[in-house]
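# Descriptive analysis of the structure
Chain by chain, the residues:
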Amino acid sequence: MPTKRIRSDRNGKVCLLILAAITLLCRGEGARAEWLIDPEGFHVSAHGRTSCLECHGEIAKKKTHPSPGNVNKSLEDFFRVEQCEDCHIDVLDEIDEGAHGGLTEKSSEELTYCIGCHEPHYQTSTPARESKVDLSRPAEEKCSACHEYRDVLPRLSAEDEGCMECHQRSAADDPKAAQRISMLCFYCHGTNKDQEQASESPSGIALIDVSAYTSSPHSKLSCLVCHPDSAQYGHADQAPGDCLACHVRHDEKIAHDAHLNVSCQACHLRGVIPVEDEVSGQVRWGIDRGPEGVSRSHQMVRGSEEESCRRCHAKGNQVGAAAMVLPAKSVICMACHPATLSVGDTTTIIALLFFLVGFVGAGSVWFSGSLDAGIERSDENKVLGITKSILSALFSLRLFSITKVLILDGLLQRRLFRQAKVRWAIHALIFLPFVFRFAWGLVGLGASLCRPDWPGTWILLDKNHPATAFLFDLTGVMVILGILCAVVRRAMKPSEEILAGMPRPDWAANGLLAGIVLVGFLLEGMRIAMTGSPSGAEFAFVGYGLSRLLTGVDLTGLYGYVWYAHAILTGVFVAYLPFSRMIHMITAPLALALNSGSEHRDIGE
């Protein structure tokens with residue numbers, strides 16, 4: 001509450017402190033609009049031994065209580081100053097004289113709106129009592145602050161106990177808490193209402209089949225766990241509950257994507273219709289009550305059922321989702337995206353089979369040589385020898401030298417830089433973006449599996465986060481630029497002598513990489529256009545620019561086909577990699593590491 005500013009050079013600060021203290025004594029936050037009362041706070045309040053009916057006597061005269069027609073009103077609709085004047089007539093006389101609690105700037109109407117400053121259920125009788133009682137302390141300490149310790153609160157009158165049967169805020173360990181709250185909620189929302197209750201209910205109220213609710217997954221919980229703001233006036237304006245207060249997000253292997261702009265309820269509640277919020281772009285839900293107005297939303301849909309996916313992923317959907325239910329990004333996507341370790345889709349299975357066949361073929365060539373010059377060994381002995389060398393290197397001081405070689409020669413391509421700086425730059429433009437993306441995705445995957453409650457996890461997986469959007473588009477542009485530079489360089493010097501030991505460019509592999517990146521940019525533009533340009537998407541400068549060209553076009557049916565084209569191109573590249581010259585991206589770092597960790601420099605020669 002504002003205080004009167006006193007302009008006194010000598011006493012101004014002191015007076016302001018006094019007025020601030022007076023403001024605090026009247027509990028400036030005012031009354032709460034909730035229907036539940038904390039029994040401990042009420043017990044130590046000035047009204048703790050006052051009968052409920054002394055202030056709420058009109059309730060006894062009502063035919064129905066609670067009245068369903070009142071739940072959407074505000075607290076102001078129920079306050080009457082007459083509720084206070086019987087006991088506080090001296091305060092009203094003070095207000096008539098133009099002041100109360102040191103506040104002289106307020107009008108009479110403001111000052112007589114008592115609950116604007118005072119919370120009647122928790123207002124203490126004196127400032128000293130308020131400072132003396134700290135309800136967060138252990139029971140022995142807070143109770144003995146005013147009287148001898150007792151393990152239970154004193155009983156109220158029979159009438160007040162009847163009020164508290166519904167209005168008491170239950171303790172967390174109260175076994176009847178959930179049942180008590182459910183009874184209060186079902187008074188309006190239950191299908192077993194009598195005719196008079198039904199006539200007073202607001203139009204469009206969601207009804208719940210009480211018998212069906214008892215078998216729902218959350219029936220043992222208090223309604224307030226999922227609907228924390230429901231037990232108060234302005235009932236219809238309550239914010240939706242946050243499922244993540246109790247649950248963690250699904251990893252992408254289960255949800256097929258992060259789905260950060262989709263509310264949990266849109267997928268998991270039965271009998272709801274996904275709708276897109278026009279302001280935030282968030283996919284929320286509307287309740288489909290059916291012809292009898294009964295909601296089935298508490299009967300949860302199992303996450304494995306395709307039914308929940310088909311709510312959004314269907315032809316003609318209004319939430320900007322692909323018409324196909326697409327699989328999760330699999331292990332072959334990890335070089336570019338935060339993906340999963342799944343291998344269940346056909347494209348991934350075929351690509352990995354070809355990759356393994358090619359890699360086994362390359363391995364057979366390697367094993368045809370000898371570990372020690374001139375000494376022939378069986379394949380089993382060669383495997384044992386290499387395994388022994390690797391383990392001995394990992395658990396020795398040579399690990400440092402191996403790591404150094406992997407970083408400087410394998411990752412940063414130090415040897416290539418010394419031999420051909422231009423070629424190194426082109427190679428870095430193509431190779432390093434994939435290293436960056438792979439590291440980003442690997443951290444994101446690990447965090448989603450091990451630390452889903454860490455906020456950074458979902459920044460790494462959020463395609464619309466400014467950092468993710470910008471860096472992923474930047475690295476994609478770097479790959480395209482690197483491939484273009486390689487083409488231009490080859491066109492300018494078609495007969496250039498290849499340096500000794502350097503593999504020739506593999507144009508088929510470069511073409512596949514360019515196709516993967518370009519189709520990826522198209523997919524990103526389609527996604528941004530379909531989802532209404534969500535906040536942060538503008539930092540994806542390539543995809544956002546493409547989305548501007550696609551705005552207004554229905555892309556939901558086409559998106560799935562373009563997605564599969566992108567996936568198939570990736571699968572073809574993975575399958576081709578062991579047979580291509582680009583295999584040196586994998587074999588060269590391994591060979592360098594093995595050579596650096598070997599006690600004999602002639603291994604493999």
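Residues numbered from 1 in each chain as written. Predicted model: local features only at pLDDT ≥ 70, side-chain atom pairs only at ≥ 80, totals over all residues. Heavy atoms only, no water.

## Details of the overall build of the chain
For the chain, the helix and strand inventory stands at 27 helices and 4 strands. Looking at the chain as a whole, 35% of its 605 residues are labelled buried. In the chain, 64% of the contacts between residues at least 6 apart in sequence involve partners at least 24 apart. (Helix = DSSP H or I, 4+ residues; strand = E, 2+ residues; numbered from the N terminus. Buried < 20%, exposed > 50% of the residue type's maximum accessible area, 1.4 Å probe, protein only. Contact = heavy atoms within 4.5 Å.)

## Brief notes about helix α21 (residues 421-450)
For α21, built from 30 residues, the straight-helix expectation of 44 Å at 1.5 Å per residue is met to within 8% by its first-to-last C-alpha distance of 41 Å. Along its length, α21 reaches its greatest deviation from straightness, about 35 degrees, at Ala428. (Expected span 1.5 Å × (residues − 1). Bend = angle between axes of the 7 residues up to and from the residue.)

## Looking at the side chain of Glu252
Within the fold, Glu252 resides in helix α14 (residues 252-255). Residue classification places Glu252 among the buried residues on the basis of a relative accessible area of 7%. Once you skip the residues sitting within four places of it in the chain, Glu252 turns out to touch Asp257, Ala258, Ala328, Lys329, Pro338, Thr340 and Leu461.

## Digging into the packing of helix α24 (residues 507-530) against helix α26 (residues 556-576)
Where α24 meets α26, the closest approach of the two axes is 9 Å, and the angle between their N-to-C directions is 155 degrees. Relative to α26, α24 is oriented roughly antiparallel. Crossing hand, α24 versus α26: left-handed. Residues that form the contact of α24 with α26 fall into these classes: 18 nonpolar, 5 polar and 1 charged. (Axes fitted to C-alpha atoms, helices over the stretch in contact; angles between N-to-C directions. Parallel < 35°, antiparallel > 145°, perpendicular 65-115°, else oblique. Left-handed = near helix turned anticlockwise from the far one by under 90°. Nonpolar A, V, L, I, M, F, W, Y, C, P; charged D, E, K, R; others polar.)

## What to know about the pairing of strand β2 (residues 272-276)
Relative to strand β3 (residues 283-287), β2 runs antiparallel, the two sharing 5 bridges. Each bridged residue has a counterpart across the sheet, and for Glu276 the counterpart in β3 is Val283. What sits between β2 and β3 in their antiparallel hairpin is a turn of 6 residues, with Gly281 showing a positive phi close to 80 degrees. (Pairing = 2+ DSSP bridges.)

## Overview of the side chain of Arg180
Here Arg180 is to be found in helix α10 (residues 177-189). With a relative accessible area of 12%, Arg180 lands in the buried category. Separated by 3.2 Å, the side chain of Arg180 and the backbone oxygen of Glu165 make a polar contact. The residues contacting Arg180, other than those within four sequence positions of it, are Met164, Glu165, Gln168, Ser170 and Asp174. (Polar contact = N/O pair within 3.5 Å; in protein donor to acceptor, adjacent residues only side chain to side chain.)

## So, the pattern of salt bridges
Scanning the model with the defined rule gives 10 salt bridges in all. A salt bridge links Glu82 to Arg80; the nearest nitrogen and oxygen atoms lie 4.0 Å apart. The partly exposed category is assigned to Glu82, whose relative accessible area is 40%. Classification of Arg80 as partly exposed rests on a relative accessible area of 39%. Residue Arg284 is joined to Asp277 by a salt bridge in which the shortest nitrogen-to-oxygen separation is 3.9 Å. Look at Arg284 and you get partly exposed, because its relative accessible area is 32%. Three or more residues are tied together by salt bridges with common partners; here these are Glu252, Asp257, Lys329 and Lys463. (Salt bridge = Lys/Arg side-chain N within 4 Å of Asp/Glu carboxyl O.)

## Focus: a negative patch on the surface
Taken together, Asp90, Asp93, Glu94, Asp96 and Glu97 make up a surface patch of like negative charges. The topology assignment puts Asp90 in helix α5 (residues 89-96). (Patch = residues over 30% accessible without salt bridge, like charges linked within 9 Å, V, L, I, M, F, W, Y side chains within 5 Å. Areas by Shrake-Rupley, 256 points an atom, 1.4 Å probe, with all protein chains shown as cover. Lys, Arg positive; Asp, Glu negative; His and termini not counted. Charge placed at Lys NZ, Arg CZ, Asp CG, Glu CD.)

## Comments concerning the environment of Gly358
Here Gly358 lies in helix α17 (residues 346-367). Take Gly358: its relative accessible area is 6%, and that puts it in the buried class. Separated by 218 residues in sequence, Gly358 and Tyr576 place their C-alpha atoms 8.2 Å apart. Every residue in contact with Gly358, bar those within four places of it in the chain, is listed here: Pro578 and Phe579.

## Quick notes on the packing of aromatic side chains
Using the criterion set out here, one finds 10 aromatic pairs in the structure. Seen in terms of ring centroids, Phe436 and Trp440 are 5.6 Å apart; in terms of plane orientation they differ by 55 degrees. Their pairing is tilted. Within this pair, Phe436 and its partner Trp440 are both found in helix α21, separated by 4 residues, close to a single helical turn. Put simply, the rings of Trp35, Phe78 and Tyr233 pair up and form one aromatic cluster. Its end group placed over the ring of Trp458, Arg249 keeps NZ or CZ at 5.5 Å from the ring centre. (Phe/Tyr/Trp six-rings, centres within 6.5 Å; stacked < 30°, edge-to-face > 60°. Lys NZ or Arg CZ within 6 Å of the ring centre and 35° of its normal.)

## Observations concerning the nonpolar core
The biggest cluster of nonpolar side chains holds 27 residues, and the ones touching the most others in it are Ile430, Phe434, Ile483, Leu513, Phe573, Leu577 and Met582. Elements with a minimum of two residues in this core: α17, α21, α23 (466-492), α24 and α26. When residues in this core are grouped by element, the largest group, 7 residues, is from α24. If near-sequence neighbours (up to four positions away) are discounted, Leu513 is found in contact with Ile430, Phe434, Ile483, Phe573 and Met582. Counting 13 residues, the second largest nonpolar core, distinct from the first, contains Val519, Ala529, Met530 and Leu555. (Core = buried A, V, L, I, M, F, W, Y, C linked by side-chain atoms within 4.5 Å.)

## Things to note about unusual backbone geometry
Phi is positive for His256, which is not a glycine, with a value near 70 degrees. With respect to the secondary-structure elements, His256 resides in the loop between α14 and α15 (264-268). Judged by its relative accessible area of 29%, His256 is partly exposed. Phi at Gln413 is positive, roughly 55 degrees, even though this residue is not glycine. Mapped onto the elements of the fold, Gln413 is located in the loop between α19 (398-411) and α20 (414-419).

## Brief notes about the confidence of the model for the chain
In the predicted model, the chain carries a mean pLDDT of 80, and the fraction of residues at 70 or more is 82%. Here residues 1-28 scores under 50 on pLDDT; set against residues more than four positions off or in separate chains, the count is 41 contacts. In this model residues 599-605 is a low-confidence stretch, pLDDT under 50, and it forms 10 contacts with partners more than four residues away in sequence or in other chains. (pLDDT = per-residue confidence, 0-100.)

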